[in-house]
Amino acid sequence: GPGPVEAVRWWGRMARSPLDTYGALARRYGDAVRVPFGRNRAFFLLSRPEHAERVLVANQDNYVKAFTYRPLRAVLGDGLLTSEGGTWRQHRRVVQPVFAQRHVVGFASQMVDTAAKTAERWPDGVALDAAGELRRLTLGIVGRALFGSELEGEAEKTGRALEALQRAAVVGTFLPGATAKRGVYQRVPGLGGALVHLDGMVQRVVKGSSGGELLNLLKESGRFSETELRDEVLTLLLAGHETTAASLAWTFMLLSKYPAARDRLEDEVDEVLQGREPKAEDVDRLPWTKAVLSEAMRLYPPAWTIERDALEDDEVAGVRVPAGSTVAVPPYLIHRNAEVWPNPEGFQPERFMGEQKHPRYAYLPFGGGRRICVGAGFAMLEATLVLATIARTHRLDLVPGVTVPVRAEITFRPAGALPMRVVRR
Ligand code: HEM
């Protein structure tokens, strides 16, 4: 990797544009890069499946969420995504049963209804912001399914709050004295208002809800203080809708660019559904639809980087990682590693049809080990049903001449609006 002087320049680039810079570091130095920072610490950018397996699974006890999660922790506190140790374990024990597969299928009809209602609102032949529509749709689904709340009306403000939060998360990581204290971020211009909106939404969910199942469970477990309850509700609302919206936005963008893949998807949906709306049982009969989603998440993983701090010295697939180092195992880079993925930049859903040939940790859109996404099954069911529901009746085309700028901070998503023209099939 770069020497200490050169490293300063790389850190500057990382603070401005982390995804591009990770890519540039890997191209310049290979799939295991050491970047010094501070007086005697280092950051390791590791992009082989074996690296991910060691850090997230085999030696996971040696790792905690990295310092780069501090700004997020300031906002999400002791929610599942950012807590550690005993608090994390207790929360996970309460939340996990709701996300068990046999339980998640019970949310299918809410997922389909919400998708169908969203698509019905779209005027025929008109360009709209697909990214915004999909955020509204996925926020509607988590609100209804998990919390018994109608949240579509909050989507626009929530989207703006999240943009502010994500920008602050990257900038905040690199500020000297960056901290996990909420008070600091409340004073940042633009971010203060975002936090007020998010807190207000959580309060409305906790107080006004007609008793969503997950909320009742959290309340009745007796294990959550008022702050912990707030942290968990906010975590599930945000982690539970932004990522799924991004994966659907990328999927519709790719389908518009690859008409043969889209034709095959429409044929599959038409044949399986025969003109009715999908049910949970149909998902197993939609292999191409699922393969399209998987391939979209390979090229565009919404959780594009996963980072940990090492507690003790470790050796990660031949790389010596001293205690106190920060390690990144970014799905974005691992998913495009040419040694495990033939034609890594190509959109080829066939990769996910039938038996899978890639090594297990070559594909990790939901992470791995005990901190694996608790909502993975929920998200896959939701994305498949939403895609099938919309594709049954509508087709989305990128507006010609529009290039789609990308943005990667905490999540990897289209930057700003994603203008697509909607036509009824
Ligand atoms: C954790 C990705 C959807 C809730 C994670 C992690 C990843 C991820 C990579 C691990 C982060 C790390 O190890 O540092 C995704 C993607 C999704 C998605 C790509 C959609 C396509 C959801 C949904 C929910 C959810 C629908 C809830 C309704 C969570 C929570 C955690 C988490 C609570 C923290 C789990 C823990 O540490 O115990 N997600 N997620 N996610 N996700 Fe998801």
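The paragraphs below set out a description of the structure included in this document. This one's a predicted model, so the numbers in the text were calculated from it and none came from an experiment. (Residues numbered from 1 in each chain as written. Predicted model: local features only at pLDDT ≥ 70, side-chain atom pairs only at ≥ 80, totals over all residues. Heavy atoms only, no water.)

Points about the sheet that holds strand 1 (residues 32-37)
And then number 1: The sheet built from five strands is open, its strands ordered 1-2-8-5-3 with mixed pairing. Each edge of the open sheet carries a strand with a single partner, namely strand 1 and strand 3 (63-65). Direction aside, neighbouring strands of the sheet carry axes that sit 30 degrees apart on average.
And then number 2: Of the strands in this sheet, strand 1, strand 2 (41-46), strand 5 (307-310) and strand 8 (326-328) touch helix 2 (residues 18-29), which is tilted by about 115 degrees from strand 1. (Pairing = 2+ DSSP bridges. Helix = DSSP H or I, 4+ residues; strand = E, 2+ residues; numbered from the N terminus. Axes fitted to C-alpha atoms, helices over the stretch in contact; angles between N-to-C directions. Contact = heavy atoms within 4.5 Å.)

What about the coordination of the iron atom of the ligand?
And then number 1: The sole protein-derived ligand of the iron atom of the ligand is C373 (SG), positioned 2.3 Å away.
And then number 2: Examined against the element boundaries, C373 turns out to sit in the loop between helix 17 (331-334) and helix 18 (376-393). (Donors = N, O, S within 2.8 Å, 3.2 Å for Na, K, Ca; no water.)

Concerning the site of the ligand
And then number 1: Around the ligand there are 28 residues in total, and W88, R92, R308, R371 and C373 lie nearest to it.
And then number 2: Y69 places a side-chain nitrogen or oxygen 2.9 Å from an oxygen atom of the ligand.
And then number 3: Measuring from an oxygen atom of the ligand, one finds a side-chain N or O atom of R308 at 2.7 Å.
And then number 4: Per-class residue counts for the shell around the ligand are 18 nonpolar, six polar and four charged. (Near = heavy atom within 4 Å. Polar contact = N/O pair within 3.5 Å; in protein donor to acceptor, adjacent residues only side chain to side chain. Nonpolar A, V, L, I, M, F, W, Y, C, P; charged D, E, K, R; others polar.)

A closer look at the pattern of salt bridges
And then number 1: Applying the stated criterion across every chain yields a total of 31 salt bridges.
And then number 2: The partner of R204 in a salt bridge is E154, with the nearest N and O atoms 2.8 Å apart. One end of the pair, R204, is in helix 11 (residues 191-208); the other, E154, is in the loop between helix 8 (130-147) and helix 9 (155-174), and 50 residues separate them in sequence.
And then number 3: Classification of E154 by relative accessible area gives buried; the value is 13%.
And then number 4: One salt-bridge network, in which partners are shared between bridges, spans E163, R167, E242, R407, E409 and R413. (Salt bridge = Lys/Arg side-chain N within 4 Å of Asp/Glu carboxyl O. Buried < 20%, exposed > 50% of the residue type's maximum accessible area, 1.4 Å probe, protein only.)

Note that every value here comes from positions in space, so none of it alone points to a role or purpose.
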